[in-house]
Structures are given as structure tokens and as C-alpha cells.
Amino acid sequence: MKPNVRRQSRSLAVQGIYSWQVSHNPIADIEQQLLLENNVKQLDVAYFQDILRGVVLHHSKLDEVLKPFLERPFEDVDLVEKAVLRVSAYELKYRLDVPYKVIINEAIELAKAFAADDSHKFVNGILDKAVRVLRTN
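Residues numbered from 1 in each chain as written. Predicted model: local features only at pLDDT ≥ 70, side-chain atom pairs only at ≥ 80, totals over all residues. Heavy atoms only, no water.

Which parts of the structure should I look at to understand the packing of aromatic side chains?
Aromatic ring pairs are described here by two measures, namely the spacing of the ring centres and the angle between the planes. Under the definition given, this model contains one aromatic pair. Above the ring of Tyr-47, the side-chain terminus of Arg-6 is found at 3.8 Å from the ring centroid. Between Arg-72 and the ring centre of Phe-122, over which it is positioned, the NZ or CZ distance is 4.5 Å. (Phe/Tyr/Trp six-rings, centres within 6.5 Å; stacked < 30°, edge-to-face > 60°. Lys NZ or Arg CZ within 6 Å of the ring centre and 35° of its normal.)

Shown next as C-alpha cells:
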């Protein structure tokens, strides 16, 4: 699998999680809409679906792991940052086929692309600490 295909899938998953956080629409509807609106030839569709569905399924557990590393209430975290953190936490915990350094680097790039100016530093700091809990192998 080409890294760019995974990058696109991860990026679309962050957008889907953001949409889910804002709209509270069923994740199946969001997934379907995103797949209709995007070129699936540029995606690893199974990877995208795994992340999207997995984050929604496990978001409470992922949030509990992330909370101790935050200096503010989880509810106060920007929704874009929260989406990036949730996607990355899911990958760290459940996608052991992906090296943790790749996941953290991708999270930084996603934060640079979608979030506020210094969000990538915040995301990096949280994931650097959380990786010890999420990736126990």
C-alpha cells in the first residue's frame, strides 16, 4: 500500500470524525457521503472504514486514555484537534501494523493541515505521552 493512499484515507477519516462530532449524524451516513464525494481510487477504503467506524465504536475508551495527558477538560479541546487525537489514538491502539512514529507524524501533518497554527505541537505532545499507554507492545 502506498503511503499517500493511507495518508488520504486518514485525512478523510479525520474529516468524517469531525463531521460526526459536529452533527451527531449516524456514522454510516457520513461514511457513505464521504465515499460518494471523494475519489475512492486514491483511498484505502477498508482502512478508512476501519478507522472511522473504530473511532466511533471506541471513542469513550480512547478519550479516557487521552484525558490524563490534557491540561484542560477534554470537552474544551478544539473539535479538529479532538478528531485528529481520536483517529491517532485509535490507530495507536488498534492498528499495530502501522509504526507508532508514522501515526504520530501523520497526526502532526493533519493538525498542520486542518487545525489552528500551533495545534500540531499540542497534538504531538499529547500523543508522545499517550503512546506509552496505547501501544503497549
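We are not done yet, so read on.
What is the right way to read the packing of helix H4 (residues 79-94) against helix H5 (residues 100-114) from this model?
Describing two packed helices takes the angle between their axes plus the distance from one axis to the other. Between H4 and H5, the least distance of the axes is 10 Å, while the angle of their chain directions is 165 degrees. Regarding the angle of H4 to H5, the classification is roughly antiparallel. By crossing handedness, the relation of H4 to H5 is classed as right-handed. From H4, Val-80, Val-84, Ser-88, Glu-91 and Leu-92 reach across to H5, where they touch Tyr-100, Ile-103, Ala-107, Leu-110, Ala-111 and Phe-114. The residue makeup of the contact of H4 with H5, split by class, is nine nonpolar, one polar and one charged. (Axes fitted to C-alpha atoms, helices over the stretch in contact; angles between N-to-C directions. Helix = DSSP H or I, 4+ residues; strand = E, 2+ residues; numbered from the N terminus. Parallel < 35°, antiparallel > 145°, perpendicular 65-115°, else oblique. Left-handed = near helix turned anticlockwise from the far one by under 90°. Contact = heavy atoms within 4.5 Å. Nonpolar A, V, L, I, M, F, W, Y, C, P; charged D, E, K, R; others polar.)

In this structure, what is going on with a nonpolar patch on the surface? I would like to understand it.
A surface patch of nonpolar side chains, about 230 Å² in accessible area, is lined by Tyr-18, Val-22 and Leu-79. Residue placement: Tyr-18 occurs in helix H1 (residues 3-23). Taking the relative accessible area as the measure of exposure, Tyr-18 reaches 36% and is therefore partly exposed. (Patch = residues over 30% accessible without salt bridge, like charges linked within 9 Å, V, L, I, M, F, W, Y side chains within 5 Å. Areas by Shrake-Rupley, 256 points an atom, 1.4 Å probe, with all protein chains shown as cover. Salt bridge = Lys/Arg side-chain N within 4 Å of Asp/Glu carboxyl O. Buried < 20%, exposed > 50% of the residue type's maximum accessible area, 1.4 Å probe, protein only.)

Explain the pattern of salt bridges to me, please; I cannot follow it from the model alone.
Opposite charge on two side chains permits pairing when their charged atoms draw close. A complete count under the given rule lists 13 salt bridges for this structure. Its salt-bridge partner being Asp-97, residue Arg-6 comes within 3.7 Å of it at the nearest N-O pair. Note that Arg-6 is positioned in helix H1 and Asp-97 in the loop between H4 and H5, a separation of 91 residues in sequence. For Arg-6, a relative accessible area of 19% gives the class buried. Taking the shortest distance from any N to any O, the salt bridge between Arg-95 and Asp-97 comes out at 2.9 Å. The buried category is assigned to Arg-95, whose relative accessible area is 16%. Asp-97 sits in the partly exposed class, given a relative accessible area of 47%. Overlapping salt bridges, with partners in common, bring together Arg-6, Asp-44, Asp-50, Arg-95 and Asp-97 in one network.

Please clarify how unusual backbone geometry should be interpreted in this entry.
Most peptide bonds take the trans form, and the phi angle of most residues other than glycine is negative. Of note in this structure, His-24 is not a glycine but carries a positive phi near 60 degrees. Looking at the secondary structure, you find His-24 in the loop between H1 and helix H2 (27-37). Judged by its relative accessible area of 65%, His-24 falls in the exposed class.

I'm lost on the nonpolar core in this one. Help?
The tendency in soluble globular proteins is for nonpolar side chains to be buried side by side. Among the nonpolar cores identified, the biggest contains 41 residues, and Ile-17, Ile-51, Leu-66, Val-87, Val-123 and Leu-127 are the most heavily contacted of them. Sorting the residues of this core by element identifies H1, H2, helix H3 (45-66), H4, H5 and helix H6 (119-134) as the ones contributing at least two each. Residues within four places of Leu-127 in sequence aside, it is in contact with Leu-85, Ser-88, Leu-92, Ile-104 and Ala-107. (Core = buried A, V, L, I, M, F, W, Y, C linked by side-chain atoms within 4.5 Å.)

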